[in-house]
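# What the coordinates show
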Amino acid sequence: MVNFIDRLQAKSYEVRTRVLETCIKAGTGHVTSCMSCTEILVALYYGGLLRFDPEDETWQERDRFFLSKGQASPLLYTILADCGFYDVSQLEMFAQDNGMFGVHLQKSVPGVEITCGSLGQGFGMAAGVALAAKMNRENYLIYSLLGDGECYEGAIWETAMFASHNRLNNLVAIIDRNGLCVTDFTENIVALEPLDERWESFGWDVIRVNGHSLEELMLALGDARSRRSTRPLCVIADTVKGQGIDSLSNIPLWHGLAPKGTDAEKARQELKRRYENG
Amino acid sequence: MDNIALRDAFWNRIFEIAQTNTDIIVVSADMGAPALDQFRRYCPDQFVNVGIAEQNGLVLSAGMAMEGKHCFLYGIAPFVTFRCLEQIRVSCSLMDIPVTIVGVGVGFGYDESGPTHHLIEDIAIMRSMPNMTIHNVTDNVMAAAVAQESCGMKSANYVRLDRQVLPAVYEKDADFSTGFAVLREGEQGYIIGEGAMTHQALALAEALAERGISMGVIDMYRITCEEAAFVALVKDCDRLITIEEHFLAGGMGSYVLELLNDSGVMLPVKRLGLSHEKGYSYTYGGRHKIHEYYGIDMPTILAKAEDFMK
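Just so we're clear, the structure is a prediction, and the values are computed from it rather than from any experiment.

### Here we look at the overall build of chain B
Assigned secondary structure in chain B consists of twelve helices and twelve strands. Against the globule reference of 19 Å for 310 residues, chain B gives a C-alpha radius of gyration of 19 Å, in line with a compact fold. Contacts in chain B between residues at least 24 apart in sequence constitute 77% of all its contacts with a sequence separation of at least 6. With an accessible surface of roughly 11800 Å², chain B has 48% of that area assigned to carbon and sulfur atoms. A gap of 3 Å separates the mean positions of the 24 positive and 40 negative side-chain charges of chain B.

### A word on the sheet that holds strand β4 (residues 100–104) of chain B
Residues and elements named next belong to chain B. Read from one edge of the open sheet, seven strands run β2-β1-β3-β4-β6-β5-β10, paired in mixed fashion. The sheet is open, and its two borders are formed by β2 (47–49) and β10 (222–223), each paired with just one other strand. Pairing analysis gives three bridges linking strand β1 (residues 24–28) to β2, with the strands arranged parallel. Bridge pairing in β2 links Val26 to Phe47. Strands β1, β3 (70–76), β4, β5 (132–136), β6 (156–161) and β10 of the sheet are contacted by helix α7 (residues 140–151), whose axis makes an angle of about 140° with β3.

### Thoughts on the packing of aromatic side chains
The full count for this structure, using the stated rule, is 26 aromatic pairs over all chains. Relative to Tyr42(B), the ring of Phe15(B) has its centre 6.2 Å away and its plane inclined at 40°; by these criteria the two rings are tilted. Highlighted residues: Phe15(B) in helix α1 (residues 6–18) and Tyr42(B) in helix α2 (residues 34–42), separated in sequence by 27 residues. Looking at Phe15(B), the relative accessible area reads 8%, which means it is buried. Among the aromatic side chains, those forming a connected cluster through ring pairs are Phe123(A), Trp157(A), Trp199(A), Phe202(A) and Trp204(A). It is Arg64(A) that lies over the ring of Tyr140(A); its NZ or CZ is 3.6 Å from the centre. Here the guanidinium or amino end of Lys278(B) rests over the ring plane of Tyr293(B), the centre of that ring lying 4.8 Å away.

### Notes on the pairing of β1(B)
Every regular strand shows the same layout, with side chains that alternate between the two sheet faces. All names here are of chain B. Counted residue by residue, β1 has five buried out of five residues, so it is predominantly covered. Judged by which residues are buried, β1 turns out to be covered on both faces: Ile24, Val26 and Ser28 on one side and Ile25 and Val27 on the other are all buried. One ladder, built from five bridges, connects β1 with β3; its direction is parallel. Bridge assignment links Val26 to a residue of β3, and that residue is Phe72. In this fold, the crossover linking β1 to β2 by way of α2 has right-handed handedness.

### What about the packing of helix α3 (residues 54–66) of chain B against helix α5 (residues 85–94) of chain B?
Residues and elements named next belong to chain B. Where α3 contacts α5, the two axes come as close as 9 Å, and the packing angle between them is 5°. Classified by the angle between their axes, α3 and α5 sit roughly parallel to one another. Between α3 and α5, the residues in contact are Gln55, Leu58, Val59 and Ala62 and Gln87, Ile88, Ser91 and Cys92, respectively. For the contact of α3 with α5, the residue count by class is five nonpolar, three polar and no charged.

### So, helix α10 (residues 252–262) of chain B
Given 3.6 residues per helical turn, the α-helix brings residues three or four places apart onto the same face. Among all positions of α10(B), only Met252(B), Gly253(B), Ser254(B), Tyr255(B), Val256(B), Leu259(B) and Leu260(B) are buried. Gly264(B), located one to two residues past α10(B), shows a positive phi value of around 75°.

### Observations concerning the domain arrangement of chain B
All names here are of chain B. Taken domain by domain, chain B comprises domain 1 (6–161) and domain 2 (180–309). Contact residues are listed per partner, giving 26 residues for domain 1 and 30 residues for domain 2. If you sort the residues of domain 1 by the area they bury against domain 2, Phe108, Ile120 and Arg127 come out on top, with a joint share of 30%. Here Glu194 makes a salt bridge to Arg160, at a shortest N to O gap of 3.0 Å. Where domain 1 touches domain 2, the interface holds 17 residue pairs in polar contact (both at pLDDT 80 or more). Secondary-structure elements contributing two or more residues to the side of domain 1 that touches domain 2 are α6 (122–126), β5 and α7. For the side of domain 1 that touches domain 2, the element with the highest residue contribution is β5, accounting for five residues. For the side of domain 1 that touches domain 2, the class distribution of residues is eleven nonpolar, eight polar and seven charged.

Definitions and limits used
Residues numbered from 1 in each chain as written. Chains lettered and ligands numbered in written order. Predicted model: local features only at pLDDT ≥ 70, side-chain atom pairs only at ≥ 80, totals over all residues. Heavy atoms only, no water. Helix = DSSP H or I, 4+ residues; strand = E, 2+ residues; numbered from the N terminus. Rg over C-alpha atoms; globule rule 2.2 N^0.38 Å. Contact = heavy atoms within 4.5 Å. Areas by Shrake-Rupley, 256 points an atom, 1.4 Å probe, with all protein chains shown as cover. Lys, Arg positive; Asp, Glu negative; His and termini not counted. Charge placed at Lys NZ, Arg CZ, Asp CG, Glu CD. Pairing = 2+ DSSP bridges. Axes fitted to C-alpha atoms, helices over the stretch in contact; angles between N-to-C directions. Phe/Tyr/Trp six-rings, centres within 6.5 Å; stacked < 30°, edge-to-face > 60°. Buried < 20%, exposed > 50% of the residue type's maximum accessible area, 1.4 Å probe, protein only. Lys NZ or Arg CZ within 6 Å of the ring centre and 35° of its normal. Right-handed = clockwise from strand over helix to strand, strands pointing away. Parallel < 35°, antiparallel > 145°, perpendicular 65-115°, else oblique. Nonpolar A, V, L, I, M, F, W, Y, C, P; charged D, E, K, R; others polar. Domains from an automatic or database assignment. Buried area = accessible area lost by both parts, 1.4 Å probe. Salt bridge = Lys/Arg side-chain N within 4 Å of Asp/Glu carboxyl O. Polar contact = N/O pair within 3.5 Å; in protein donor to acceptor, adjacent residues only side chain to side chain.

Below is the structure:
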């Protein structure tokens with residue numbers, strides 16, 4: 001287990017580094033939004049949680065992953081490239097002329113299920129897939145990663161109450177609870193807490209974890225396939241926006257930006273130091 | 001077909017299809033219809049009630065469509081379009097996922113309910129999006145045909161159903177492939193209608209004929225229609241009149257003007273519809289009273305048409 005977690009941690013560092021370099025080169029991209037959910041996606045894609053096949057991206061039995069917070073696309077694009085859905089060199093072309101992808105998620109990219117950038121929609125589509133899977137008696141799981149700020153969208157709660165009422169226990173919502181929106185902290189804007197109690201009151205099983213602890217994430221998500229509960233599962237992952245790069249962390253104004261010049265070099269050094277110091 | 005509401009003619013056909021095609025799903029935003037009662041009874045696994053939650057209904061339908069279902073999202077017309085408009089834009093138009101949006105009560109169908117329930121901007125907005133076909137349903141034969149056609153569509157469509165019973169216009173096996181139909185021939189031009197206003201157009205043509213003015217009638221039942229064929233049909237007319245229960249800005253009349261202009265056809269066209277100056281109406285006492293408020297009642301449009309045809 002220790003070696004396994006160590007390997008995932010090393011992968012998290014590798015992915016973060018590549019996301020940072022991709023966004024620095026492009027001069028754009030939501031760097032801090034990616035950093036907060038890196039361990040979540042690493043757990044899903046490298047921790048053996050998600051079933052997928054890069055050789056057959058529309059494999060019917062694959063688990064579906066819906067990145068509802070579509071602004072974290074550089075992270076997913078990096079991982080999909082690394083997993084073999086397309087060549088890693090494509091990342092060099094992120095948000096550039098003749099590139100295959102831009103700042104927000106698009107379904108034309110191999111391995112990507114949906115186009116997403118408008119918040120509050122990917123989660124509902126995931127619920128639709130979960131409902132169809134039940135109707136079709138198929139056993140794959142549907143994971144959706146939501147931003148915490150996305151939970152301001154009323155449509156999220158329409159879907160949340162629908163999913164529990166219809167016992168969509170094949171649906172897993174993971175909330176990247178980094179506490180920040182574009183302009184301010186969520187608890188200053190309109191308080192989201194107690195977020196776990198709110199999801200529970202909507203009929204979901206809720207587990208709250210440290211979203212940067214791969215051990216906690218693996219424990220929370222590891223038995224998603226064998227759960228006996230009839231309720232859908234919500235994992236609230238407490239995270240830090242910009243995790244791994246101190247100068248970008250927890251600062252609202254870094255939302256949606258890529259560091260440039262000396263800021264970029266500083267970010268590189270901080271990320272490297274953070275990993276070397278464990 | 002029996003003198004039933006358009007929605008019942010529509011749902012009766014969907015019920016027939018759904019009994020052998022389990023991928024047909026009705027997603028209701030807390031809306032019913034007599035014809036849906038039997039659907040719920042005999043196809044309960046294919047009926048999903050999302051409650052008064054159109055946004056969830058739309059994305060849920062799109063998600064199901066990704067797994068091979070064809071969903072009919074059903075609700076009161078203004079809410080099943082505008083409340084979830086951005087979801088329609090992203091899922092149906094941008095991602096090109098086929099969902100059939102079925103709205104009941106277009107125009108002033110909910111006459112006594114007031115302007116929150118009137119829908120007089122939807123053609124303009126829905127036709128501005130790619131991958132979206134609009135069906136202006138004219139009678140029960142067409143309602144059933146559109147139901148059937150919707151099941152096989154590869155992109156999204158929006159079915160505009162009048163809330164009220166409309167008289168029969170079409171024969172049982174009518175061809176609905178072109179998107180428009182000539183319902184009456186005339187020598188001086190055509191009056192073009194949509195949905196309930198096609199019936200008004202027929203009445204107007206009759207009244208004009210009594211005054212020695214010979215106008216035909218075209219039912220613009222689908223947007224977009226087969227545009228080249230439409231332009232070829234009307235390009236040599238003296239005059240065209242469009243009539244719609246919709247704001248003039250961007251509606252069916254605008255569509256006709258665009259087709260003519262972009263084809264280089266310069267033809268006098270009189271658009272009859274709702275002006276922004278009149279705004280929204282809190283008029284009660286029946287649909288005809290609302291028509292009077294906006295000046296699309298029969299005496300007014302007859303006078304306007306006569307003046308235009310001079």
